[in-house]
Number of protein chains: 2
Amino acid sequence: MPTLDDVGKAAGVSRGTVSNVFNRPELVRPELRERVLAAARTLGFGGPDPKGRLLQGGRYNAIGFLPPGDYSIAHALRSPYGRELLVGAALACDEAGATLSVISGDTATRTASIREALVDGLVLGHAVDIGIITSAQRRRIPFVIVESDAGPDINSVKIDGKAGALAVVRHLSALGHRRFAILSIRRTAGPPIVHMPGKDKPRLTAGFSLDDERLAGFAEGLAEAGLSIGKVPIVETTPSEPTAGAVMFDRVPEATAIMTMSDWQAITVLDEARRRGIDVPGHVSVVGFDGTEEAARTSPPLTTASHDIVGKGRIAAEMVLKKRKPRQVVMPVELVVRASTGRPRR
Amino acid sequence: MPTLDDVGKAAGVSRGTVSNVFNRPELVRPELRERVLAAARTLGFGGPDPKGRLLQGGRYNAIGFLPPGDYSIAHALRSPYGRELLVGAALACDEAGATLSVISGDTATRTASIREALVDGLVLGHAVDIGIITSAQRRRIPFVIVESDAGPDINSVKIDGKAGALAVVRHLSALGHRRFAILSIRRTAGPPIVHMPGKDKPRLTAGFSLDDERLAGFAEGLAEAGLSIGKVPIVETTPSEPTAGAVMFDRVPEATAIMTMSDWQAITVLDEARRRGIDVPGHVSVVGFDGTEEAARTSPPLTTASHDIVGKGRIAAEMVLKKRKPRQVVMPVELVVRASTGRPRR
DNA sequence: CAAAAATCTTGGAGCGCTCCAAGAAATCGT
DNA sequence: ACGATTTCTTGGAGCGCTCCAAGATTTTTG
């Protein structure tokens with residue numbers, strides 16, 4: 001590969017001038033510029049190698065994005081939520097003229113990538129692993145965590161999950177529901193886990209404020225209605241588990257209202273209901289979470305706790321792009337009532 | 001930011017030893033290693049700066065991905081096709097332990113990014129602009145074009161679009177259809193363009209082999225049925241144009257079969273049909289292209305010319321990741337017949 | 001026409017790291 | 001105990017580039 005020096009030699013000028021030709025052409029006399037360009041063309045020099053510029057102290061002009069979830073990049077990209085979050089981050093990058101690097105792979109790979117990725121900052125789609133956060137801190141580049149408040153020293157953007165969940169329960173209990181079921185998120189790969197009240201103590205996945213917070217919101221809402229979350233069956237599945245609906249209907253047939261942690265899960269439930277000829281909301285009401293496009297297009301259209309996912313992704317990316325002092329942003333959640341919820345069957 | 005030298009000084013060893021501690025720890029006596037690590041911790045040194053390593057001659061260990069289409073990154077990510085292509089590329093990167101950089105923005109930005117992005121190779125999601133290809137060539141890194149054969153010297157992966165389109169027409173004409181309409185792709189932003197036969201000569205978007213090829217396939221199939229593509233109305237819309245269906249039904253009400261260039265377009269048509277109470281396939285048959293997940297979930301499920309999009313993305317990424325001599329890969333298309341096509345109304 | 005001003009061009013000094021040959025230290029063999 | 005080995009550590013060379021002060025050249029001015 002020819003270098004600036006080679007081109008300079010060929011054109012009879014110095015390295016510095018060649019650099020100027022490519023980076024500040026207005027500084028170089030047109031005639032000379034042409035000569036240099038011609039030499040570059042002959043040598044097959046396609047412009048200054050970014051490597052060199054970089055070392056000189058430049059920025060990478062890129063940020064890394066770790067998709068939410070720990071399963072596989074395919075999951076993250078196909079999930080409506082993951083996709084919109086990425087869209088938001090990508091839009092922010094576009095506006096800033098930066099590149100977005102998708103960092104995926106297993107935890108080990110991600111950790112290594114965090115150490116070595118050629119990025120100026122990091123958007124952690126979700127605080128999956130404390131090791132990931134530690135690595136990010138060690139790297140000493142700005143980063144932001146989505147959907148986990150990790151304290152005042154760390155950038156974070158999240159929604160008010162508790163308020164959202166609370167609104168869901170209030171809506172359902174105002175409709176008259178008393179028999180609930182919760183479809184929660186299993187953070188590790190594997191089949192659905194069913195927690196029946198009494199039988200085994202619901203192992204509410206700890207350490208992930210996303211789940212915890214929403215569960216807390218559900219609990220509070222249930223308490224308002226004189227119910228205890230301890231009596232509510234909880235099924236934990238990965239966000240894309242296709243059998244989530246089946247497990248739900250098999251194990252908790254008595255529920256009149258199913259509350260979920262994501263639209264994708266709720267859509268799975270709707271699909272299974274259709275397959276079984278179960279009427280929604282006549283027989284059972286279903287509520288999603290996130291307010292994705294997809295939720296508006298199901299039949300019946302999904303009632304969901306909606307928030308601005310794209311905006312969240314964008315804010316996250318912007319926090320990293322223009323580094324300021326750490327902030328914790330909490331975004332509002334709004335219940336969007338559609339046709340998947342109604343009065344309970346009698 | 002502390003450097004290897006700083007740490008070395010603090011630990012009383014040389015730069016080289018500190019480098020070894022981080023990169024080949026087995027070469028350094030455990031005791032010394034500990035001392036160095038301790039010094040690094042005190043100084044807040046988080047590991048060797050990738051910048052330096054890079055210049056030394058290393059690889060970026062990343063490839064760039066330019067999403068298909070020229071509209072916006074949001075479009076590309078939300079379209080089922082673009083998403084699956086990205087999934088394929090991302091999976092290949094995961095397996096190779098590489099990072100995937102999404103290069104988006106307008107043509108100018110993309111061109112600049114191609115020149116400067118910190119990547120070892122490039123996947124061009126679609127040959128939108130000849131300038132993009134030129135820039136990629138100038139950069140002298142391996143690249144591959146998706147859905148455009150740019151000759152024997154350039155890597156490409158595409159489907160056999162002509163065969164796919166041909167299969168679509170044959171299927172429809174075997175069902176008895178004689179009155180067709182085509183929903184083609186408008187490559188620039190803007191409202192749908194309607195080409196009525198006779199009125200204005202169909203401006204078949206030239207220069208984009210994707211469209212051309214499929215149109216050629218349609219033409220051949222129509223000719224087999226004794227029809228001329230010159231007599232078939234063609235509507236060109238951007239892939240995500242929401243009014244595509246409406247324009248189609250308004251302007252070409254007589255068509256009994258609508259052939260499209262993507263599932264996304266076909267789904268739009270299906271949506272509009274439902275809105276208008278038009279029966280599919282009773283009143284009009286609709287065929288998609290690509291065979292995405294979404295096509296299987298519509299009602300009625302979509303007949304579509306299907307191919308392995310994820311596989312295509314993966315192959316593309318692999319071609320760039322492990323550079324060999326240029327290849328041109330053509331992947332098969334298979335017609336998947338579902339319920340959106342039937343005999344024409346009488 | 002010479003001096004002052006404006007415009008161009010030059011090349012040294014790094015940027016932080018890895019590679020590697022050579023030197024230092026520790027271990028081994030007899 | 002001393003030379004031969006083996007194991008560690010060192011620091012120079014250089015990766016390709018940008019920055020910038022200084023020097024060279026051209027243009028303008030009095």
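Residues numbered from 1 in each chain as written. Chains lettered and ligands numbered in written order. Predicted model: local features only at pLDDT ≥ 70, side-chain atom pairs only at ≥ 80, totals over all residues. Heavy atoms only, no water.

**Considerations on the overall build of chain A**
Part 1 of the reasoning: When its secondary structure is counted, chain A shows 14 helices and 13 strands.
Part 2 of the reasoning: Relative to its length of 346 residues, chain A is extended, with a C-alpha radius of gyration of 26 Å against a globular reference of 20 Å.
Part 3 of the reasoning: Based on the C-alpha atoms only, the size of chain A along its principal axes is roughly 90 × 35 × 30 Å.
Part 4 of the reasoning: Counting across all 346 residues of chain A, residues that qualify as buried make up 55%.
Part 5 of the reasoning: Relative to all contacts within chain A whose residues are 6 or more apart in sequence, the contacts with residues 24 or more apart total 72%.
Part 6 of the reasoning: Surface summary for chain A: the accessible area is close to 14300 Å², and the carbon and sulfur share equals 53%.
Part 7 of the reasoning: The average position of the 45 basic charges and that of the 38 acidic charges among the side chains of chain A differ by 2 Å. (Helix = DSSP H or I, 4+ residues; strand = E, 2+ residues; numbered from the N terminus. Rg over C-alpha atoms; globule rule 2.2 N^0.38 Å. Buried < 20%, exposed > 50% of the residue type's maximum accessible area, 1.4 Å probe, protein only. Contact = heavy atoms within 4.5 Å. Areas by Shrake-Rupley, 256 points an atom, 1.4 Å probe, with all protein chains shown as cover. Lys, Arg positive; Asp, Glu negative; His and termini not counted. Charge placed at Lys NZ, Arg CZ, Asp CG, Glu CD.)

**Regarding the sheet that holds strand 2 (residues 99–102) of chain A**
Part 1 of the reasoning: Pairing in this open sheet of 12 strands is mixed, and the strands run 12(A)-5(A)-4(A)-3(A)-1(A)-2(A)-2(B)-1(B)-3(B)-4(B)-5(B)-12(B) from one edge to the other. Pairing within the sheet leaves two strands with one partner each, and these edge strands are strand 12 (328–331) of chain A together with strand 12 (328–331) of chain B. Across this sheet, the average inter-strand angle for adjacent strands is 20°, counted without regard to direction.
Part 2 of the reasoning: Both strand 5 (residues 155–159) of chain B and strand 12 of chain B contribute to a ladder of 4 bridges, which runs parallel. Note on strand 12 of chain B: the bridge partner recorded for B:Ser156 is B:Gln328.
Part 3 of the reasoning: Contacting strand 1 (62–66), strand 2 and strand 4 (143–146) of chain A, helix 6 (residues 80–96) of chain A runs over the sheet at an angle of about 150° to strand 2 of chain A.
Part 4 of the reasoning: Helix 8 (residues 130–139) of chain A rests against strand 1, strand 3 (121–124) and strand 4 of chain A of the sheet, and its axis sits at about 160° to strand 4 of chain A. (Pairing = 2+ DSSP bridges. Axes fitted to C-alpha atoms, helices over the stretch in contact; angles between N-to-C directions.)

**Structural notes on the environment of B:Gly121**
Residues and elements named next belong to chain B.
Part 1 of the reasoning: Mapped onto the elements, Gly121 comes out in strand 3 (residues 121–124).
Part 2 of the reasoning: By relative accessible area, Gly121 is classed as buried at 0%.
Part 3 of the reasoning: Residues contacting Gly121, with those up to four places away along its chain left out, are Ala62, Ile63, Gly64, Ile141, Pro142 and Val320.

**Comments concerning the protein's contact with DNA strand D**
Part 1 of the reasoning: Near DNA strand D there are 24 residues, and of these A:Leu4, A:Arg15, B:Thr17, B:Leu32 and B:Gln56 occur at the shortest range.
Part 2 of the reasoning: Here the atoms of DNA strand D within 4 Å of the protein split so that 62% fall in sugar or phosphate, with bases taking the remainder.
Part 3 of the reasoning: Taking B:Thr17, its side chain carries an N or O atom lying 2.5 Å from a phosphate oxygen of DNA strand D.
Part 4 of the reasoning: In the environment of DNA strand D, a base nitrogen lies 2.6 Å from a nitrogen or oxygen atom belonging to the side chain of B:Gln56.
Part 5 of the reasoning: Elements with a minimum of two residues in the surface near DNA strand D: helix 2 (15–23) and helix 4 (50–55) of chain A together with helix 2 (15–23) of chain B.
Part 6 of the reasoning: Grouping the amino acids of the surface near DNA strand D by side-chain chemistry returns 9 nonpolar, 9 polar and 6 charged. (Near = heavy atom within 4 Å. Polar contact = N/O pair within 3.5 Å; in protein donor to acceptor, adjacent residues only side chain to side chain. Nonpolar A, V, L, I, M, F, W, Y, C, P; charged D, E, K, R; others polar.)

**Examining the domain arrangement of chain A**
Residues and elements named next belong to chain A.
Part 1 of the reasoning: Domain annotation of chain A identifies domain 1 (4–48), domain 2 (62–158) and domain 3 (161–307 + 332–336).
Part 2 of the reasoning: For domain 2 and domain 3, the distance between their C-alpha centroids amounts to 27 Å.
Part 3 of the reasoning: Listed as interface residues are 15 residues of domain 2 and, on the opposing side, 18 residues of domain 3.
Part 4 of the reasoning: When domain 2 packs against domain 3, close to 1300 Å² is buried across both sides, 56% of that on carbon and sulfur atoms.
Part 5 of the reasoning: Of all residues in domain 2, the largest losses of buried area upon contact with domain 3 belong to Tyr71, Pro80 and His126, amounting jointly to 40% of the total for that side. (Domains from an automatic or database assignment. Buried area = accessible area lost by both parts, 1.4 Å probe.)

**Here we look at helix 3 (residues 30–43) of chain B**
All names here are of chain B.
Part 1 of the reasoning: The terminal C-alpha atoms of helix 3, which comprises 14 residues, lie 20 Å apart, in line with the 20 Å expected from a rise of 1.5 Å per residue.
Part 2 of the reasoning: Of all the positions in helix 3, only Leu32, Val36, Ala39 and Ala40 are classed as buried. Considered in projection along helix 3, the buried side chains sweep an arc of 100° and stay on one side of the axis. Residues of helix 3 that are exposed and point over 90 degrees away from its buried face: Pro30, Glu31, Arg41 and Thr42.
Part 3 of the reasoning: Taken together, the buried residues of helix 3 touch helix 1 (4–11) and helix 2.
Part 4 of the reasoning: Of the residues flanking the end of helix 3, it is Gly44, one or two places downstream, whose phi is positive at about 75°. (Expected span 1.5 Å × (residues − 1). Arc of directions from axis to C-beta.)

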